[in-house]
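What follows is the residue order along each chain.
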Amino acid sequence: MKKGLLKKLLAFTLVSTMALPLMACGNNKDANGNKDLLETIKEKGKITIGMSVDYAPYEFFIMEDGKKKMVGMDVDMMNEIAKDLGVEVEVKEMEFSTICDAVRTGVVDLGVSGLSPEPDRLEIVDFSDIYFNAEQGILINKNNTSSIKSLSDLEGKKIGAQNGSIQASIAQGVKDADVKLLPEVPTLIQDLIAGNLDAVIVELPVADIQASIHDNLAVATEKIADNAGGGSAIAAPKGQEALLAEVNKSIKRLLDEGKLSEFYKTAVELSKNEVSAE
């Protein structure tokens, strides 16, 4: 009995020892123990992007041949990054405030929606290099241009901003302001037009586009510098250095070739010509 038991133990030890290198080769993890997302993306031939598709010129919908089409600077950029990786793009629409958490939990591979690498976001995700810099703008009704010229003029007034954004933090910092936070910018714009809000704080390109589309809207004289996040970047799961390196390589190429500037100008023109962004 003892001899048979010894043979079984030896056999089990041998099998277990042989299995270890096989498991190590198949665990698909990097040196820090994180699953190698870049390898996984290439294996499945698809990269999944979390976007809030309501924010021209970054990402928005237009009607083309009677059908909704997703366009924008971020959309064009991600198509180029996917091309460099040799994969296709799948966009998952979601509220802006949920994008970083969706990246953190693996619901999407990357988050792209004019995101700024703020300190609180950096606690749960990593960010690429900056691909676009923009100031913040104060969108107002044109008949208020003489009374609302700067952020200080919004004290005690009704201000709108997108939930979870840098602009929300700015609005909440205005003294005695009645701040309304909503998930979608177009709804805030409609509230502003209807007179339910005195101002909406958005990125300057967004404010400029809305003022060009709506004759009764204008952008306040003073612009708000982006001192919090330093521009727009792509959110990625923590510890995915290989994926970020490839993303940054593509961003550098697009910047060097002037492509991102082209994407921005094209998106601005599309948004100006589009009556409905829904």
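All of these numbers come straight from a predicted model, not from anything done at the bench.

S.K.: When you look at the sheet that holds strand S11 (residues 217–219) in this model, what are you seeing that I'm missing?
M.R.: Pairing is mixed across the open sheet formed by 5 strands, whose spatial order is S9-S8-S10-S7-S11. Strands at the two margins of the open sheet, each flanked by one partner only, are strand S9 (178–182) and S11. Here the average twist between neighbouring strands, direction ignored, is 30 degrees. With 2 bridges connecting them, strand S8 (residues 158–162) and strand S10 (residues 199–203) associate as parallel partners. Bridge pairing in S10 places Ile159 opposite Ala199.

S.K.: Mind showing me how you'd approach the environment of Ser147 here?
M.R.: Among the secondary structure elements, Ser147 is positioned in the loop between strand S7 (136–141) and S8. Along the chain, Ser147 and Ala220 lie 73 residues apart, while their C-alpha atoms are 9.5 Å from each other.

S.K.: Would you mind going over helix H8 (residues 204–213) with me for this structure?
M.R.: Each full turn of the α-helix corresponds to 3.6 residues, which orients residues three or four apart in the same direction. With respect to burial, H8 is a largely interior element, 7 of its 10 residues being buried. Taken together, the buried positions of H8 are occupied by Leu204, Pro205, Val206, Ala207, Ile209, Gln210 and Ala211. Buried positions along H8 lie against S7, helix H7 (185–193), S10, S11 and helix H10 (259–273).

S.K.: It is not clear to me how the side chain of Glu59 should be interpreted in this structure. Could you clarify?
M.R.: Residue placement: Glu59 occurs in the loop between strand S1 (46–51) and strand S2 (60–64). For Glu59, which is buried and forms no salt bridge, the nearest opposite charge comes from Arg121, at a distance of 11 Å. Polar side-chain contacts of Glu59 include one of 3.0 Å to the side chain of Ser113.

S.K.: Before we go on, may I ask you to explain unusual backbone geometry in this structure?
M.R.: When glycine is set aside, most residues are seen to have a negative phi, and most peptide bonds are trans. Following Ala56, the chain continues into Pro57 via a peptide bond in cis, with omega recorded as 10 degrees. Note on placement: Pro57 falls in the loop between S1 and S2. For Asp65, which is not glycine, the phi dihedral falls at a positive 55 degrees. Look at Asp176: it is not a glycine, yet its phi comes out positive at around 60 degrees. Position of Asp176 among the secondary structure elements: in the loop between helix H6 (166–172) and S9.

S.K.: What exactly am I supposed to notice about the pattern of salt bridges here?
M.R.: Opposite charge on two side chains permits pairing when their charged atoms draw close. Tallying each qualifying case throughout the model produces 13 salt bridges. Two residues, Glu80 and Arg253, come together in a salt bridge whose shortest N-O distance is 2.9 Å. With Glu80 in helix H3 (residues 73–85) and Arg253 in helix H9 (residues 241–256), the pair connects residues that are 173 residues apart, well separated along the chain. Judged by relative accessible area, Glu80 falls into the buried class, the value being 15%. For Arg253, a relative accessible area of 24% corresponds to the partly exposed category. Salt bridges sharing partners connect three or more residues here, namely Glu80, Lys83, Asp84, Arg253 and Glu257.

S.K.: Honestly, H9 in this entry has me stumped. Any pointers?
M.R.: Counted at 1.5 Å a residue, the expected span for H9 with its 16 residues is 22 Å, and the 22 Å between its end C-alpha atoms agrees. Close packing links the buried residues of H9 with helix H2 (37–44), H3, strand S5 (110–115), strand S6 (125–127), strand S12 (233–237) and H10.

S.K.: I'm lost on the sheet that holds S5 in this one. Help?
M.R.: Hydrogen bonds along the backbone pair up the strands of a sheet, which may run parallel or antiparallel. Here we have 5 strands laid out as an open sheet, ordered S4-S1-S5-S12-S6, and mixed in their pairing. The open sheet is flanked by strand S4 (88–93) and S6, the only strands paired with a single partner. Across this sheet, the average inter-strand angle for adjacent strands is 35 degrees, counted without regard to direction. Bridge count for S1 against S5 is 2 bridges, and the pairing is parallel. When the bridges of S5 are listed, Ile49 appears paired with Leu110.

S.K.: How should I be thinking about the nonpolar core in this particular structure?
M.R.: Most often, soluble globular proteins keep nonpolar side chains buried together rather than apart. Within the largest apolar cluster, 45 residues are counted, with the highest numbers of intra-cluster contacts made by Met77, Met78, Leu110, Tyr131 and Ile234. Setting aside anything within four residues of it in sequence, one finds Tyr131 in contact with Tyr58, Met73, Asp74, Met77, Val112, Gly114, Ser232, Ala233, Ile234, Ile251, Leu255 and Leu260.

S.K.: It is not clear to me how the pairing of S12 should be interpreted in this structure. Could you clarify?
M.R.: One face of the sheet, then the other: side chains in a regular strand alternate in exactly this way. For S12, the tally of buried residues reaches 5 of 5 residues, placing the bulk of the element in the interior. Inspection of the sheet shows S5 paired to S12 by 2 bridges, in the antiparallel sense. Pairing of Gly111 across the sheet is with Ala235, part of S12. Note: S6 against S12, 3 bridges, orientation antiparallel. When the bridges of S12 are listed, Asp126 appears paired with Ala236.

S.K.: Would you mind going over the side chain of Asp74 with me for this structure?
M.R.: Within the secondary structure, Asp74 sits in helix H3. The buried charged residue Asp74 lacks any salt bridge partner; its closest oppositely charged side chain belongs to Arg121, at an N-O distance of 11 Å. Polar side-chain contacts of Asp74 include one of 2.7 Å to the side chain of Tyr131. Residues in contact with Asp74, not counting those within four places in the same chain, are Met51, Tyr58, Glu59, Val112, Ser113, Gly114 and Tyr131.

Definitions and limits used
- Residues numbered from 1 in each chain as written.
- Predicted model: local features only at pLDDT ≥ 70, side-chain atom pairs only at ≥ 80, totals over all residues.
- Heavy atoms only, no water.
- Pairing = 2+ DSSP bridges.
- Helix = DSSP H or I, 4+ residues; strand = E, 2+ residues; numbered from the N terminus.
- Axes fitted to C-alpha atoms, helices over the stretch in contact; angles between N-to-C directions.
- Buried < 20%, exposed > 50% of the residue type's maximum accessible area, 1.4 Å probe, protein only.
- Contact = heavy atoms within 4.5 Å.
- Lys, Arg positive; Asp, Glu negative; His and termini not counted.
- Salt bridge = Lys/Arg side-chain N within 4 Å of Asp/Glu carboxyl O.
- Polar contact = N/O pair within 3.5 Å; in protein donor to acceptor, adjacent residues only side chain to side chain.
- Expected span 1.5 Å × (residues − 1).
- Core = buried A, V, L, I, M, F, W, Y, C linked by side-chain atoms within 4.5 Å.

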